[in-house]
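# Fold and contact review
These are the residues of each chain, in order.
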Amino acid sequence: EASTYLGGAADRFQSFGALREFLLTLTGIVDAELSMLHREEAWKAVERGWALRERVTDPDQRVDLMLNRAQVLLGFGRYHEADVLLAQASRSLPSQNGVLTARARSLMAELALRREDFKAAADVAATALADWPKAGADADRATVVLIRQRALLALGDTEAAAALLDRTRAAPADPSDEPGSVADALAQAEWARTTRDAARADAW
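A brief report on the enclosed structure follows. (Residues numbered from 1 in each chain as written. Predicted model: local features only at pLDDT ≥ 70, side-chain atom pairs only at ≥ 80, totals over all residues. Heavy atoms only, no water.)

## With respect to the nonpolar core
Ranked by internal contacts, the top residues of the largest apolar core, which has 32 residues, are Leu23, Leu26, Leu67 and Val72. At the level of elements, α2 (19–35), α3 (39–50), α4 (59–75), α5 (79–92) and α6 (98–114) are the ones that each hand at least two residues to this core. When residues of this core are assigned to their parent elements, the largest contribution, eight residues, is made by α4. Excluding residues that lie within four positions of it along the chain, leucine 26 makes contacts with Ala10, Ala45, Arg48 and Gly49. Counting 23 residues, the second-largest nonpolar core is a separate cluster that includes Ala109, Leu129, Trp132 and Val144. (Core = buried A, V, L, I, M, F, W, Y, C linked by side-chain atoms within 4.5 Å. Buried < 20%, exposed > 50% of the residue type's maximum accessible area, 1.4 Å probe, protein only. Helix = DSSP H or I, 4+ residues; strand = E, 2+ residues; numbered from the N terminus. Contact = heavy atoms within 4.5 Å.)

## Some details on the environment of phenylalanine 16
Summarising the element assignment, phenylalanine 16 is placed in helix α1 (residues 2–16). Residue phenylalanine 16 is classed as exposed on the basis of its relative accessible area of 63%.

## Brief notes about α2
Relative to the 24 Å expected for 17 residues at 1.5 Å per residue, α2 spans 24 Å between its end C-alpha atoms, a close match to the ideal helical length. For α2, the set of buried residues is Leu19, Phe22, Leu23, Thr25, Leu26, Thr27, Ile29, Val30, Ala32, Glu33 and Leu34. Phi for leucine 37, located one or two positions after α2, is positive at around 60°. (Expected span 1.5 Å × (residues − 1).)

## Topic: the pattern of salt bridges
One pass over the structure, following the stated rule, counts 11 salt bridges. Measuring nitrogen to oxygen at the nearest pair gives 2.6 Å for the salt bridge that ties glutamate 47 to arginine 69. Pair noted here: glutamate 47 is in helix α3 and arginine 69 is in helix α4, with a separation of 22 residues, a long-range link. A residue is classified by how much of its surface remains accessible, and arginine 69, at 15% relative accessible area, is buried. (Salt bridge = Lys/Arg side-chain N within 4 Å of Asp/Glu carboxyl O.)

This is the structure we're talking about:
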C-alpha cells in the first residue's frame, strides 16, 4: 500500500517541480521496495533521484541520494561501487545530522559484514549505536543491532552479543500484539539458536 501511495505522490511532486518533496518521497519508495526485496523497483526510484543530483543544493539531500544508491547497490552485491559512494557520503555528511550519520554507519557496517570483515562490522555498528539519534532513525536501529550481533558471534564474543538485547523477553504469541522490526525478531531467533534453545528460536 505504501509503495502505491508513494509512487503517486512522487509523480505529483515531480509534476509540480517540488524537488525536495519529490526526493524525500523517493527515499520512502526505496525503503518500501527494498522491504519487499523488489530491488529492481528500488533501483528505478534511485535512478530517478540520481538523474537530478546536479540540481540538489541541500547537502543533506545530496547525502541521502548517495545513501539510497549505496543501499540498493549493496542488495545487488556491487560492493565496490557501494563502498565508493559510502566513502563519498561520509566525507560530505553534515555534522549536525544524526539521522544521516546513523544511516551511513548502518550501511558501512552491513558492507563490512557482507565482506566478512567481522571486526570492522562490529566496531562500526558499536559506534553507530553509541551515537544513535533520539528520533528519526528508529527503524534502522534494530538492523544495526542484528549486524553487530552477527559480527560478534562470528568473532566468538558471545558475552558482548548477549548484552545487546533483553534475552528474557518472550516472542509474542500473536505478532500483531507487538508490531516491530523483523531484524529485532531475527536477532532474538539467531541468539536462541546459538544457545541451542530450539523452541525459543522457533517462536521468534
